[in-house]
Amino acid sequence: MLEKIKTLIAEVELFSAKNLDELEEFRIRFLSKKGEVTQLFSEFRNVIPEQKKEFGQLLNDLKTKTQDRVNKLKEDLKNNEQSSSDLDLSLTADSQQQGSRHPITLVRNEIIDIFTRLGFTVSEGPEIEDDWHVFSALNFPPEHPARDMQDTFFIEKDPDILLRTHTSSVQVRVMEGQKPPIRTISPGRVFRNEAISARSHCIFHQIEGLYIDKDVSFADLKQTLLYFAKEFYGKDSKIRLRPSYFPFTEPSAEMDVSCSLCGGKGCNVCKYTGWLEVLGCGMIDPNVLESSGIDSSVYSGFAFGMGIERTTMLKHGIKDIRLFFKNDVRFFEQFQ
Ligand code: DAH
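The shown structure was predicted, so the numbers you read here are calculated from the model rather than taken from an experiment.

## Here we look at the overall build of the protein chain
Assigned secondary structure in the protein chain consists of eleven helices and ten strands. Computed over its C-alpha atoms, the radius of gyration of the protein chain comes to 42 Å, more than 25% above the 20 Å expected for a compact globule of 336 residues. On the principal axes, the C-alpha backbone points of the protein chain span a range of 135 × 50 × 35 Å. Within the protein chain, the fraction of its 336 residues that count as buried is 40%. Here the protein chain has roughly 19300 Å² of accessible surface; of this, 50% comes from carbon and sulfur atoms. Side-chain charges in the protein chain split into 43 positive and 51 negative, and the spacing between the mean points of these groups amounts to 8 Å.

Shown next, in the form of structure tokens:
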């Protein structure tokens, strides 16, 4: 009899239930009115007196162990059931937050796309430059105000090493390194010693265009820019060229495009004129061709340059250039 109780205790300790039904079966087998434990209690009076004490102790042990085991397993099964019901495998996964390209990159790529369709290549040059490539080779007179400390960040003086103030310096590098015909655009960062405000920054981006061949005329420049304006600002865009001055082009002009935000009717972005000033351009001055080793009696060409921040602001009606440098994702997300 004592052996039987000991075997039952071992069985209780090892028992586990897969579900509540199995556990209930186990409980009935041990603890119900006709169960093992109750039956053993009724055997108590037949146990010989010397064994009564041990029998009683073992039997109580069996009873409490069985009850504890049932309670513990019931608890475990309930917890499992709850955690598996919290987990709904058919739910769709959380969507991942997607990054977006910087608006300056998007607009730069769009401009590059437009000009590569016309057969332009893309060329780049260094941001740290010498006086020759930024000023002298581009026909800037020695006393020109753009060379002034107020505009240019100088790194070294005599010989002058500086941060380029415009991407026109890449024109010079291309002309020095390639023979015409040349058709290239040069995107890049430029630097000017200016106070940061809503309208200007000391670091910004430009795209430079350069076209050199035999018999290139002002009409070629105008058609190229009109094509760009229609592709970039919309097919109904008009352009106008106003006379201007740059040391490296003759004649020089500034191009306006009809305001794409109000369709030329007048709004606060175009200051109620219907026109936006978008770029500088002109026929390359023969002096510039000659100083880069290109025969100006055989070749002619045009050049143009525009600011990418400014172009992006005009296209999207953005009022503050500093937004491009603040890295606020709420701003960037609008340019997917
Ligand atoms: N480099 C000029 C600037 O930074 C822009 C420019 C004007 C570039 C006329 C040109 C050009 O190539 O022909 O303001």
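## Focus on the pattern of salt bridges
In total, this model carries 20 salt bridges according to the counting rule given. A salt bridge links Asp76 to Lys72; the nearest nitrogen and oxygen atoms lie 2.8 Å apart. Separated by four residues within a single helix, Asp76 and Lys72 lie in helix H4 (residues 49–86), roughly one turn from each other. Classification of Asp76 by relative accessible area gives partly exposed; the value is 31%.

## Things to note about the sheet that holds strand S1 (residues 121–122)
Sheet architecture is open: seven strands sit in the order S1-S5-S6-S10-S9-S8-S7, paired in mixed fashion. The sheet is open, and its two borders are formed by S1 and strand S7 (239–246), each paired with just one other strand. Pairing analysis gives ten bridges linking strand S5 (residues 182–191) to strand S6 (residues 203–213), with the strands arranged antiparallel. The partner of Ser186 across the bridge, within S6, is Glu208. Along the sheet, helix H10 (residues 308–316) contacts S6, strand S9 (275–284) and strand S10 (300–307); its crossing angle with S10, the most-contacted strand, is approximately 65 degrees.

## Notes on the packing of aromatic side chains
Here the structure, examined in full by the defined rule, presents 18 aromatic pairs. Centroid distance Phe120 to Tyr211: 6.0 Å. Interplanar angle 70 degrees. Geometry classified as edge-to-face. Note that Phe120 is positioned in the loop between helix H5 (103–117) and S1 and Tyr211 in strand S6, a separation of 91 residues in sequence. Judged by relative accessible area, which is 4%, Phe120 ranks as buried.

Reading guide: rules and limits
- Residues numbered from 1 in each chain as written.
- Predicted model: local features only at pLDDT ≥ 70, side-chain atom pairs only at ≥ 80, totals over all residues.
- Heavy atoms only, no water.
- Helix = DSSP H or I, 4+ residues; strand = E, 2+ residues; numbered from the N terminus.
- Rg over C-alpha atoms; globule rule 2.2 N^0.38 Å.
- Buried < 20%, exposed > 50% of the residue type's maximum accessible area, 1.4 Å probe, protein only.
- Areas by Shrake-Rupley, 256 points an atom, 1.4 Å probe, with all protein chains shown as cover.
- Lys, Arg positive; Asp, Glu negative; His and termini not counted.
- Charge placed at Lys NZ, Arg CZ, Asp CG, Glu CD.
- Salt bridge = Lys/Arg side-chain N within 4 Å of Asp/Glu carboxyl O.
- Pairing = 2+ DSSP bridges.
- Contact = heavy atoms within 4.5 Å.
- Axes fitted to C-alpha atoms, helices over the stretch in contact; angles between N-to-C directions.
- Phe/Tyr/Trp six-rings, centres within 6.5 Å; stacked < 30°, edge-to-face > 60°.

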